[in-house]
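Spelled out from the first residue to the last, the chains are:
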Amino acid sequence: VNRLENAQNTEEVLKTSWAIGAISGSLPLEQEKIFISHCFNILTKYIDGTQQEEEKSFFCGCYMFIASVYPRYLFSNPGFLKELMERITLFIQIRYPPLQIMAVHIFKTIVLRCSKVLLNDKEFLAKWLENISRIASITPMEAVPYLYEAISHLIKLNSSEHSAKISMVSQLLVLPL
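Residues numbered from 1 in each chain as written. Predicted model: local features only at pLDDT ≥ 70, side-chain atom pairs only at ≥ 80, totals over all residues. Heavy atoms only, no water.

Participant: Sorry, what's going on with the overall build of the chain here?
Facilitator: Scanning the chain from terminus to terminus reveals 10 helices and zero strands. Secondary structure elements in the chain, listed N-terminal to C-terminal, are α-α-α-α-α-α-α-α-α-α. Its C-alpha atoms give the chain a radius of gyration of 17 Å, within 12% of the compact-globule value 16 Å for 177 residues. For the C-alpha atoms alone, the extent of the chain along its principal axes is close to 55 × 35 × 20 Å. Taking all 177 residues of the chain together, the buried fraction comes to 44%. A separation of at least 24 residues holds for 67% of the contacts in the chain among residues at least 6 apart in sequence. Carbon and sulfur atoms provide 57% of the accessible area of the chain, an area that totals close to 9,500 Å². (Helix = DSSP H or I, 4+ residues; strand = E, 2+ residues; numbered from the N terminus. Rg over C-alpha atoms; globule rule 2.2 N^0.38 Å. Buried < 20%, exposed > 50% of the residue type's maximum accessible area, 1.4 Å probe, protein only. Contact = heavy atoms within 4.5 Å. Areas by Shrake-Rupley, 256 points an atom, 1.4 Å probe, with all protein chains shown as cover.)

Here is the structure:
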C-alpha cells in the first residue's frame, strides 16, 4: 500500500498495480478486504487529482484491473461491485477510446466472474438493455462485440422465463445508432 501511495510516477503505479494483482487470493479474506480498500482509496485520489485525460485514464485502468482480479472482494462487497460497475459504465461512455476499450474488456471480465451477484440487482440488466444501443454507438467498434457478449452472458444466466429471455435478446439485437 505504501508503494502505491508514494509512487513517484505512472510507471511505479503501473508496476505496483501489477504486483497487487499478482497476489490476488493470497491473503485471508478479511486482510484482503482491508488491503484492497486502501488500494482503491489511493487510486481514487489519483483519479480525482488529475485533469489530464490520458493520466486519468491510466489511473482508471489500474483501478479497473485490480478490481477485475479480486473476485472474492467483489463477491463479499456487493455494494462496492455495484459502484464499480457504475464507474465502469461511465468509463465506457467517456469518449476516449483507450479508456473505453479497456473498460469494456474489464466489464466483460467482471460480468463473467460475478454474474450471479450482478443478477441479484434486478435493475442492472434492465438498465443495460435499455441503454445498450446508445452506449454501443459511442463505444469504439472493436470493443462492441465484447460489450454485447457480456450482456448476452447475463441474459443466459438470468432466471427469467423463456419468453422474457427472448424479449431481452430482442432488446439486445437493436443495433447501435
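On we go from here.
Participant: Looking at this structure, how should I read helix α9 (residues 144–157)?
Facilitator: In an α-helix, one turn spans 3.6 residues; hence positions three or four apart end up facing the same way. Here α9 contains 14 residues, and its C-alpha end-to-end distance of 20 Å stays within 8% of the 20 Å for a straight helix at 1.5 Å per residue. Residues of α9 that are buried include every one of V144, L147, Y148, A150, I151, H153, L154 and I155, and no others. Along its buried surface, α9 packs onto α6 (78–93), α7 (97–119), α8 (122–137) and α10 (162–172). (Expected span 1.5 Å × (residues − 1).)

Participant: What's the story with the nonpolar core in this structure? I'm lost.
Facilitator: Membership of the largest hydrophobic core comes to 59 residues, with the highest contact counts inside it found for M85, I88, I92, F107, I110, W128 and I151. The element contributing the most residues to this core is α7, with 11 residues. Ignoring anything within four residues of it in the chain, the contact list for W128 reads T89, I92, F107, I135, L147 and I151. (Core = buried A, V, L, I, M, F, W, Y, C linked by side-chain atoms within 4.5 Å.)

Participant: Before we go on, may I ask you to explain α6 in this structure?
Facilitator: For α6, with 16 residues, the first-to-last C-alpha span of 23 Å sits near the 22 Å given by 1.5 Å per residue. Packing partners of the buried residues in α6 comprise α3 (29–48), α4 (53–68), α5 (71–76), α7, α8 and α9.

Participant: When you look at the side chain of S57 in this model, what are you seeing that I'm missing?
Facilitator: The topology assignment puts S57 in helix α4. The exposure class of S57 is buried, given its relative accessible area of 9%. Only 2.9 Å separates the side chain of S57 from the backbone oxygen of E53, close enough to count as a polar contact. With residues up to four places along the chain from it excluded, the contact list for S57 reads Y96 and L99. (Polar contact = N/O pair within 3.5 Å; in protein donor to acceptor, adjacent residues only side chain to side chain.)

Participant: Would you explain the pattern of salt bridges in this entry?
Facilitator: Oppositely charged side chains are able to pair whenever their charged atoms sit close together. Evaluation of the coordinates by the stated rule reveals six salt bridges. Here D121 and K82 are joined by a salt bridge, their closest N and O atoms 3.8 Å apart. Here the residue D121 occupies a position in the loop between α7 and α8, and K82 occupies one in helix α6, the gap between them amounting to 39 residues. A relative accessible area of 25% places D121 in the partly exposed class. (Salt bridge = Lys/Arg side-chain N within 4 Å of Asp/Glu carboxyl O.)

Participant: What is the right way to read the packing of aromatic side chains from this model?
Facilitator: Applying the stated rule across the entire model yields nine aromatic pairs. Taken together, a centroid distance of 5.2 Å and an interplanar angle of 75 degrees make the contact between Y73 and F80 edge-to-face. Comparing Y73 with F80 shows no difference in burial state: the two are buried. Members of the aromatic cluster, connected to one another through ring pairs, are F40, Y63, Y73 and F80. Here R87 stacks its cationic end above the ring of Y63, 5.1 Å away from the centre of that ring. (Phe/Tyr/Trp six-rings, centres within 6.5 Å; stacked < 30°, edge-to-face > 60°. Lys NZ or Arg CZ within 6 Å of the ring centre and 35° of its normal.)

Everything listed is a geometric property; what it means functionally is a separate question.
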